[in-house]
Amino acid sequence: MPETRNILFIMFDQLRWDYLSCYGHPHLQTPNLDRLAAKGVRFERAYIQSPICGSSRMSTYTGRYVHSHGASWNGIPLKVGELTMGDHLRAAGMSCHLIGKTHMRADAEGMARLGIEPDSLIGVRVAECGFDVVERDDGMRPEGPDGLYDEGGAARYNEYLRAKGYDSENPWHDYANSGRDAEGNVLSGWFLKNSDQQANIAEEDSETPYLTRRAIEWMEAAQGQGPWCCHLSYIKPHWPYVVPAPYHDMFGPSDVIPAIRSQAEYEQAHEVMKAFMDAPVGKAFSREDVRTPVVQAYMGLIKQCDDQMGELFSYLERSGRMEDTMIVVTSDHGDFLGDHWMGEKMFFQNASVKVPMIIYDPSPKADGTRGTVSDTLVECIDLAPTFVEVAGGKVADHVLEGESLLPLLRGEATETARDFVICEYDYSASPIAARFGLSVRDAVMFMVADERWKLVHFEGGFRPILFDMEKDPDELVDLGDDPAHAEVIAAMYDKLFRWARRTAQRTTRSAEQLEAMRSKSGRRGVMIGIYDENDVPLELTVKYRDRKVPDMRGGGGA
């Protein structure tokens, strides 16, 4: 009988949950991901733990909330000592490999303090989020007057492009993410006006097919090895929103869903949310002449991603890996695309914080759940403990804060144990924090959501936001200052406070070890508050009974 042996963990960057046909998009057909959903479980309420790339991914990779791991924004290092899924899986006998993006920043100061050499095996794993790197490609090689955003970004991909004849210092930008006019001028993908351009690259050389081939090459070389977890982390459909043919004009204006927003929502917006609406990216996406071609390009990028899933799944079927490999597909966050008068992802409506999650488990134990949809509350931190269980390991639940989804996949449960989900955003490095004159400590916000209500709490003295997702699924009406909902707000705050009181930093001892310690000191001779030796079992005081010594109160003799 086939059994789950390997894990192919696929993450797309900035993929909205509702831009797949299996999640209900009316115009964008994604048959390959739909086919995977028909073979597995599709989760309807999967939430990220932070609406920005780096901190969201660090939560997924560590299985811990942002408040626990501390890497609260892009570029903030994941501190030395934080265990990742690679550490947990290797302890369970499963290797863990990376092909693509992590957005991990290494804690160089912490490594130096502990004497960890960056080029040692341990040093490389610490610097690469616990993965053994096949190829890291964070897919970002912008360059400005102060230099490159990421010195290592797309470096190996650029080497590949130059070898293929794409002559440039930075072919990632000049070809893969830009168009070209009739005179040969580069039409940079950084400018939204160029979103309708055809990327100046052959489709097979663009980023998504390139990473698919790298994954297939690695899995082919890994035949007979294992068990393994391969994190295939795609860069798209993250901006720049420029697409190669034939995907650049595959969708027209009639395929673009109207933005979820209202004039009243804008005019009555909470002051912090209004600041995000009025940011340059929000202003740009509020214009239909900007938004429409961008969404068309975004849909083209997703269609290319789905076609590449077809290539990948066909390989898995031909090679027999579909019979023993769990496949997980998700995203690190969504994309507002003009919804709620915003662009990017840095707020808490579902366009940003809800993500697709599809899990195919080849085990016969999962046969009863194939093609089903789960609407229980799921967090991306649940993936790490799920993978540990697949690997046959014991989940270190004093470290991992999520819960394994394996019981849901195998019909042993229908719901997770949680009654709310958490998402956090630290905007202390944002110009919006300066606009309000906020300290670094106060420029943070938290989302707590259950099956009906969503509360957003702000530090800095601002009132909360409240959405009724049952009566207002589009999250257009903020009830946070409505006295009629005071009890609901209090109940949601109770949930937030319950989460805040968890013992997240007690990671060096398991619950079992702590329980064993309750009686350990007594068995090692510590007698606190004991009046008489006969008040405790004889065995605990045997070292203190029937002992004789000479009288030394006058001092020792020569």
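Definitions and limits used
Residues numbered from 1 in each chain as written. Predicted model: local features only at pLDDT ≥ 70, side-chain atom pairs only at ≥ 80, totals over all residues. Heavy atoms only, no water. 1 Å grid on protein atoms, 1.4 Å probe; cavity = no way out; pocket = protein on both sides within 12 Å on 5 of 7 lines; lining within 4 Å. Points joined across faces, edges and corners; volume = space filled by probe spheres on them. Helix = DSSP H or I, 4+ residues; strand = E, 2+ residues; numbered from the N terminus. Nonpolar A, V, L, I, M, F, W, Y, C, P; charged D, E, K, R; others polar. Axes fitted to C-alpha atoms, helices over the stretch in contact; angles between N-to-C directions. Parallel < 35°, antiparallel > 145°, perpendicular 65-115°, else oblique. Left-handed = near helix turned anticlockwise from the far one by under 90°. Contact = heavy atoms within 4.5 Å. Core = buried A, V, L, I, M, F, W, Y, C linked by side-chain atoms within 4.5 Å. Buried < 20%, exposed > 50% of the residue type's maximum accessible area, 1.4 Å probe, protein only. Pairing = 2+ DSSP bridges. Salt bridge = Lys/Arg side-chain N within 4 Å of Asp/Glu carboxyl O.

Here we look at the layout of surface pockets
Empty space among the atoms can be located by rolling a probe the size of a water molecule over them.
Reasoning step 1: By volume, the largest pocket is sized at about 770 Å³.
Reasoning step 2: In terms of lining, the largest pocket is formed by 31 residues, of which the most central are W239, V281, E344, K345 and M346.
Reasoning step 3: Listing elements by their share of the lining of the largest pocket, those giving two or more residues are α12 (280–285) and α17 (431–435).
Reasoning step 4: Grouping the constituent residues of the lining of the largest pocket by class yields 22 nonpolar, six polar and three charged.
Reasoning step 5: As for the second largest pocket, its lining consists of 18 residues, of which W17, N350, K354, P473 and E475 are closest to the centre.
Reasoning step 6: Its residues assigned to classes, the lining of the second largest pocket shows six nonpolar, two polar and ten charged.

Some words on the packing of helix α9 (residues 207–221) against helix α13 (residues 288–319)
Reasoning step 1: It is at 10 Å that the axes of α9 and α13 come closest, and there the two elements cross at 15°. In terms of orientation, α9 lies roughly parallel with respect to α13. Of the two possible hands of crossing, α9 and α13 adopt the one that is right-handed. Contact residues: T208, P209, T212, I216, M219 and E220 in α9; Q304, C305, Q308, E311, L312, Y315 and L316 in α13.

Some details on the nonpolar core
Reasoning step 1: In this structure, F9, F43, F276, F347, F387 and Y427 are the most contacted members of the largest nonpolar core, which totals 74 residues.
Reasoning step 2: Filtering out sequence-adjacent residues up to four positions away, F43 remains in contact with Y23, M357, I359, S374, V378, L405, L408 and L409.
Reasoning step 3: One finds L36, A222, L232 and V256 within the second-largest nonpolar core, a separate group that totals 63 residues.

Focus: empty space enclosed by the protein
Reasoning step 1: This model, assessed by the stated rule, comprises two cavities of 30 Å³ or more.
Reasoning step 2: Here the largest cavity is characterised by a volume of approximately 50 Å³.
Reasoning step 3: Looking at the largest cavity, the residues that line it are A176, S206, E207, T208, K236, V242, P244, L301 and Q304.
Reasoning step 4: Mapped onto the lining of the largest cavity, the elements with two or more residues apiece are α9 and α13.
Reasoning step 5: Quantified by volume, the second largest cavity comes out at close to 40 Å³.
Reasoning step 6: Lining the second largest cavity are G54, M58, A71, W73, N74, G75, I76, H103, M104 and R105.

Examining the pairing of strand β16 (residues 453–458)
Reasoning step 1: Within β16, six of the six residues are buried, leaving the element largely enclosed by the surrounding structure.
Reasoning step 2: As defined by bridge partners, strand β15 (residues 444–449) adjoins β16 across five bridges and the pair is classed as antiparallel. Bridging across to β16, A449 finds its partner in K454.
Reasoning step 3: In this sheet, strand β17 (residues 465–468) lies alongside β16 in antiparallel orientation, the contact comprising four bridges. Residue pairing across strands places W453 opposite D468, the latter belonging to β17.
Reasoning step 4: Connecting the antiparallel pair β16 and β17 is a turn made up of six residues, with G460 showing a positive phi of about 95°.

Concerning the pattern of salt bridges
Reasoning step 1: Across all of its chains, the model carries 43 salt bridges by this definition.
Reasoning step 2: A salt bridge links D132 to R125; the shortest N-O distance between them is 2.7 Å.
Reasoning step 3: With relative accessibility at 18%, the residue D132 sits in the buried group.
Reasoning step 4: Two residues, E539 and R523, come together in a salt bridge whose shortest N-O distance is 3.4 Å. In this pair, E539 is assigned in helix α20 (residues 538–541) and R523 in the loop between α19 (511–520) and α20, connecting sequence segments 16 residues apart. Each of the two residues, E539 as well as R523, counts as exposed.
Reasoning step 5: Among the charged side chains, a salt-bridge network with shared partners connects D13, R57, K101 and D332.

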